[in-house]
Amino acid sequence: MEVIDARARELGIDLDSVDVDSITLPPGEDFDILSDDEDLLQNEDIPELEIGFANIIVVDNLPVVPREKYEKLENEGGLWMPTDPETKKTQGYCFIEFNTPQEAEFAMEKTRGYKLDKSHIFAVNMFDDFEKYMKVPDEWAPAEIKSYTPGENLLKLLTDDKARDQFVIRAGTFTEVYWNDARRAMPELVYQKQYWTDSYIQWSPLGTHLATVHRQGAQVWGGDDKFVRLMRFAHPQLKLIDFSPGEKYLITYSSHEPSNPRDTHRVVLNIFDVRTGKVMWEFKGSADDFTTGGNMGVSGVSWPIFRWGGGRDDKYFARLGKNVISVYDTETFALIDKKSLKVENVVDFSWSPTDPIISLFVPELGGGNQPARVSLVPIPGKEEIRQKNLFSVSDCKMYWQNNGEYLALQVDRYTKTKKNIPIEVFELDNKNDKIIAFAWEPKGRRFAVIHGDGPKPDISFYIMKAVNNNVSRVSKLTTLKGKQSNALFWSPAGRFIVLAGLMGFNGQLEFFNVDDLEPMATGEHFMATDIMWDPTGRYLATAVTSVHEMENGFQIWSFNGKQIYNVSKDHFYQFQWRPRPPSLLTPEKEEDISKNLKRYSKKYEHEDQDVHHLLDEEERKRRMRLQEVWEAWVAKWKQLHEEERAFRMQLRGAEDSDKEEEAEYKEIEAEELVDVTEKTVAFDLDQE
């Protein structure tokens, strides 16, 4: 900072008059302003990490054979078998080099103890282990006992006595973590840091970590209120990150410009173990291999590239390729059954949120002769358990219900219909209606659809009802006519939904109770770009990010549509609620709390009263301070008025006219000529 001050003085610049937040740097330029990870960023072009001998294994207890029997083996890349210079025979062991340490470790685990015959059982070790074992001292010494140091409580927010939630924002050069203190109608700052990230920030799915993205890699942070650094993940020129659902793994991605303009971008992908920082799997190749399906990310690559399945145990992940779905398991980080699932012309797939089941979509083929289809495929079996043919279909979007009980398909046909499979098919009342949005109720059987072609579409609510033989049927609940809405946001707890009008509808909001089928409130957040429920479903955040140059900031609303507070922030980039892990309460305990809510809520009612009393007392003190300021101001000017009395008397000829009773009043009459009109009148002399 001293260097910057000195340079500013040389240029004659007053730094105090400079709005730092309004400064944006050109792409790739940092003007020597380093992010938090200084030690990683000292060298802009850090070479790829040397792996030493970590990718080499040593296989012992091999047969001793002459040269003619092993020459063919040595032609295989990466294998070397030492020979005895006298006998010209092998010495009973070999070295095998792999591309990565992960491949070497996997090979060691699979071949250690392999029985070639009765006399030759493989003994396999990592090459680096020999150096470690050679350093073992000849004499035993007791291990040094270190005192226990407790680690950071990464989920201390769950112990907050006010049961508040946290959120993080990024505005200007600052990243800030807050408590949502709705009782006091204001956010409470937890932690603030400048230049904390070079790009963006992201909570892990269960709220344990906060990840920051830097040019040379990612970092994860956690703790109660200090957010200490827990782990780093080196990845030069990092662009994107993603967590696995159970937070076990972090995926990092970068793309690099090709040396030949006719080539595509080179992609580097790493999967890290979040706890240890170890690279579990890596990929380097062409961006063309990852341009199928998903939302476009960097350089036309679909993001996220990997989609995780099987619940929160992080057991499987998969990616879409040309005519294949490649499914991997995290025990070996290899393809299941060593081969991809081949599906001709597959264009999209989705995992069940609770079970290792993949739904996949294949469009029409042969000009409509072969219908489109949706199939359900379990993993690892890969044997199709259900298929639905769809006729005259141009596109399909898949929506799994939160509990994995239902799969809904938004099918675009010539007649724009809506279908739900595998157990029920239904169409809208108006078959020609365009479907604008679809959303399942979390943990429920209801869903909402926005449909229509006009400027004010309709919104319909449906429910899946069980009938005979456990078959469910779609039943319509109601239709709301002519709503300024194009997006649906269910509360995470269900029951309540926000019908939002974004983009062209300028932030129109309607808070709707689906249990009672009644609106609760309407509101507006002009130019809103983002809408996010907190993880409990008690509060809603609406935000205007820097997509718009004006009105940047966020607002917090109650679940029933009451605006609680509004915060303006220039250059506002991100707002994210901190996720919560699943409740540890049993379904029986949750049901008991629901039935006896009044008894449990008494504690919080008393706390609310205390907060209101505190706010009233603060308001009273605030008004007293304002009154004191006012009285001091009046006293100051009275004193000044008295000090200038002699000067005023001098100006008035020694007359003291300050006192009102000494004033003399006179009435003065004055005449004023308002107007003059000149007129010629005819005069008859004969009449005279």
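The residue count restarts for each chain, going from 1 along the sequence in the order it is written. Confidence filtering applies because this is a predicted model: local features only for residues at pLDDT of at least 70, side-chain atom pairs given and counted only at 80 or more, and all residues used for totals across whole chains, interfaces and linings. Hydrogens and waters are ignored; side-chain quantities use all the structure's heavy atoms.

1. What to know about the sheet that holds strand 1 (residues 56-60)
With antiparallel pairing, the 4 strands of this open sheet are ordered in space as 2-3-1-6. Looking along the sheet, the strands with just one partner apiece sit at the ends: strand 2 (79-80) and strand 6 (123-126). Pairing analysis gives 2 bridges linking strand 2 to strand 3 (residues 93-97), with the strands arranged antiparallel. If you follow Leu79 over to strand 3, its bridge partner there is Ile96. Docked against the sheet, helix 5 (residues 127-134) engages strand 1, strand 3 and strand 6, running at close to 80 degrees with respect to strand 6. Paired strands, in this sense, are two strands between which DSSP finds at least two bridges. Strands here mean DSSP runs of E at least two residues long; helices mean DSSP runs of H or I at least four residues long; both are numbered from the N terminus. Working rule for contacts: check all heavy atoms of both residues, and any pair within 4.5 Å makes them a contact. Convention adopted: a line fitted to C-alpha atoms gives each axis, helices being fitted over their contacting stretch, and angles between N-to-C directions are expressed from 0 to 180 degrees.

2. A few points about the nonpolar core
Nonpolar side chains in soluble globular proteins generally cluster together in the buried interior. Ile241, Tyr253, Leu269, Ile271, Ile305 and Phe306 are the most contacted members of the largest nonpolar core, which totals 31 residues. At the level of elements, strand 11 (210-214), strand 12 (217-222), strand 14 (240-243), strand 15 (249-256), strand 16 (266-273) and strand 17 (279-286) are the ones that each hand at least two residues to this core. Each residue touching Ile305, except ones within four places of it in the same chain, is listed here: Tyr253, Leu269, Phe290, Ala318 and Arg319. In this structure, Ala541, Tyr565, Phe572 and Phe575 belong to the second largest nonpolar core, which totals 17 residues. Side-chain atoms within 4.5 Å link the members of a nonpolar core, which is a set of buried Ala, Val, Leu, Ile, Met, Phe, Trp, Tyr and Cys residues. Residue exposure (1.4 Å probe, protein chains only): buried if accessible area is under 20% of the type maximum, exposed if over 50%, otherwise partly exposed.

3. Observations regarding the pattern of salt bridges
Any carboxyl oxygen of Asp or Glu that lies within 4 Å of a side-chain nitrogen of Lys or Arg is treated as forming a salt bridge with it. All told, the structure shown has 20 salt bridges when counted by the stated rule. Of the charged contacts in the structure, one is a salt bridge between Glu405 and Arg445, with a shortest N-O distance of 3.6 Å. A residue pair is termed long-range when its members are at least 10 positions apart, and Glu405 in the loop between strand 29 (393-400) and strand 30 (407-413) and Arg445 in the loop between strand 33 (435-440) and strand 34 (446-451) qualify at 40 residues. For Glu405, a relative accessible area of 42% gives the class partly exposed. The partly exposed category is assigned to Arg445, whose relative accessible area is 35%. We note a salt bridge from Lys481 to Asp458, for which the minimum N-O separation is 3.4 Å. Highlighted residues: Lys481 in the loop between strand 36 (472-480) and strand 37 (487-490) and Asp458 in strand 35 (residues 458-466), separated in sequence by 23 residues. By relative accessible area, Asp458 is classed as buried at 15%. Taken together, the shared-partner salt bridges connect Asp160, Arg164, Asp181 and Glu188 into one network.

4. A few points about the environment of Lys110
Looking at the secondary structure, you find Lys110 in helix 4 (residues 101-111). Among the residues examined, Lys110 registers a relative accessible area of 58% and is labelled exposed. Considering only alpha carbons, one finds Lys110 and Val124, 14 residues apart in sequence, at a separation of 9.5 Å.

5. A closer look at the pairing of strand 34
Burial analysis of strand 34 places 6 of its 6 residues in the buried class, which makes it a mostly covered element. Alternating positions in strand 34 separate into two faces, Arg446, Ala448 and Ile450 on one and Phe447, Val449 and His451 on the other, with burial throughout. Direction of pairing for strand 33 relative to strand 34: antiparallel, over a ladder of 5 bridges. Counted as the bridge partner of Ala439 is Ala448 from strand 34. Of the strand pairs in this sheet, strand 34 and strand 35 are connected by 6 bridges, and their pairing is antiparallel. Counted as the bridge partner of Val449 is Ser460 from strand 35. Between strand 34 and strand 35, which follow one another and run antiparallel, lie 6 residues, and Gly452 among them has a positive phi close to 135 degrees.

6. Things to note about unusual backbone geometry
Between Ile379 and the following residue, Pro380, the backbone shows a cis peptide bond with an omega angle of 15 degrees. The backbone phi angle of His571 is positive, close to 50 degrees, even though this residue is not glycine. Counting through the fold element by element, His571 comes out in the loop between strand 44 (563-568) and strand 45 (572-577). Its relative accessible area of 27% is what places His571 among the partly exposed residues.

7. Comments concerning a nonpolar patch on the surface
A cluster of nonpolar side chains, Trp630, Trp633 and Trp637, forms an exposed patch at the surface whose accessible area comes to about 400 Å². Among the secondary structure elements, Trp633 is positioned in helix 7 (residues 597-643). The class of Trp633 is partly exposed, set by a relative accessible area of 47%. What makes a patch is a set of residues exposed beyond 30% relative accessible area and free of salt bridges, joined within 9 Å when like-charged and within 5 Å when nonpolar (Val, Leu, Ile, Met, Phe, Trp, Tyr). Here the open area of atoms and residues is found with the Shrake-Rupley method and a 1.4 Å probe, where only the protein chains shown may cover a residue.

8. Quick notes on the packing of aromatic side chains
Only the six-membered ring of Trp is used, alongside the rings of Phe and Tyr, when aromatic pairs are assigned; centres must lie within 6.5 Å, and planes under 30 degrees apart are stacked while those over 60 apart are edge-to-face, with the rest tilted. Using the criterion set out here, one finds 41 aromatic pairs in the structure. Consider the rings of Phe306 and Phe317, whose centres lie 5.2 Å apart with planes at 85 degrees: the pair is edge-to-face. Residue Phe306 is located in the loop between strand 19 (302-303) and strand 20 (307-309), and its partner Phe317 is located in strand 21 (residues 316-321); the two are separated by 11 residues in the primary sequence. Each member of the pair, Phe306 together with Phe317, is buried. Summarising the aromatic geometry, the rings of Phe461 and Phe512 are spaced 5.3 Å apart at their centres and angled 10 degrees between planes, so their arrangement reads as stacked. One end of the pair, Phe461, is in strand 35; the other, Phe512, is in strand 39 (residues 508-513), and 51 residues separate them in sequence. Pair check on accessibility: Phe461 and Phe512 agree, each one buried.

9. Observations regarding the sheet that holds strand 28 (residues 386-390)
Strand order in the open sheet formed by 4 strands is 25-26-27-28, with antiparallel pairing between adjacent strands. Edge positions in the open sheet fall to strand 25 (348-351) and strand 28, since each of these has one partner strand only. Taken over all neighbouring pairs, the strand axes of this sheet differ in orientation by 15 degrees on average, direction set aside. Two elements, strand 26 (residues 357-362) and strand 27 (residues 372-378), share 6 bridges in a ladder whose sense is antiparallel. Following the sheet pairing, Leu360 is matched in strand 27 by Ser375.

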